[in-house]
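Overview (structure and organization)
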Amino acid sequence: MPKREPADLSDKATLFQAYVDLINSERETIWARHNALLVANSLIVGALALSPTALASSRWATIALIGAGLLISIAWLLITVHGWLAMRRHAEIASAFTSAHFTHLPNPFADITYHRSGLWIHCLALAVIGTFILIYLGLGYVRVFHV
């Protein structure tokens with residue numbers, strides 16, 4: 001069956017809006033996950049920092065908390081990278097659609113500013129995740145090997 005093109009500008013605009021909604025939904029999901037995992041990691045680091053004497057008596061509790069935090073952080077890293085890749089794929093589809101069907105209008109997804117700002121935000125989010133990974137590795141080294 002041959003591909004059917006949208007009949008008029010209204011159909012094309014509706015389809016473009018669906019792409020934009022999908023991109024915005026993915027963006028909101030990324031940040032909701034980011035915020036939830038930031039809180040989870042902050043609670044674990046807080047537990048490690050606030051109860052060093054309680055955890056000093058139980059080496060396994062310390063290892064378990066640090067291991068859980070490290071596991072959550074690695075999952076957070078992978079989820080974030082894959083979420084940004086999915087959002088980027090949706091933006092590329094929207095950009096190609098805009099270029100093909102709305103040649104008389106500027107393409108908001110083809111602009112270098114759109115991609116550059118996304119890169120900076122992505123790098124900063126990864127830096128936050130990397131900081132937690134380094135905290136867990138540092139705490140693991142100090143608490144496990146120097147107790």
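You'll find the structure just up there.
Residues numbered from 1 in each chain as written. Predicted model: local features only at pLDDT ≥ 70, side-chain atom pairs only at ≥ 80, totals over all residues. Heavy atoms only, no water.

It is worth spelling out the overall build of the chain at this point. Of the regular secondary structure elements, the chain holds four helices and zero strands. For the chain, the α and β elements follow one another from N to C terminus as α-α-α-α. Within the chain, the fraction of its 147 residues that count as buried is 29%. Excluding contacts between residues fewer than 6 apart, the proportion of contacts in the chain whose partners are at least 24 apart in sequence is 79%. For the chain, the computed accessible surface area is about 9,400 Å², with 70% contributed by carbon and sulfur atoms. (Helix = DSSP H or I, 4+ residues; strand = E, 2+ residues; numbered from the N terminus. Buried < 20%, exposed > 50% of the residue type's maximum accessible area, 1.4 Å probe, protein only. Contact = heavy atoms within 4.5 Å. Areas by Shrake-Rupley, 256 points an atom, 1.4 Å probe, with all protein chains shown as cover.)

So, about the side chain of Glu26. The residue Glu26 is located in helix α1 (residues 9-50) in this model. Setting aside residues no more than four positions away along its own chain, Glu26 makes contact with Arg33, Gly83, Ala86 and Met87.

Here we take up α1. Side chains of residues three or four places apart in an α-helix project in the same direction, reflecting 3.6 residues per turn. Its 42 residues place the ends of α1 60 Å apart at the C-alpha level, agreeing with the 62 Å of an ideal helix rising 1.5 Å per residue. Buried residues of α1: Lys12, Phe16, Val20, Ile23, Glu26, Ile30, His34, Leu37, Asn41, Ile44, Val45 and Leu48, and no others. (Expected span 1.5 Å × (residues − 1).)

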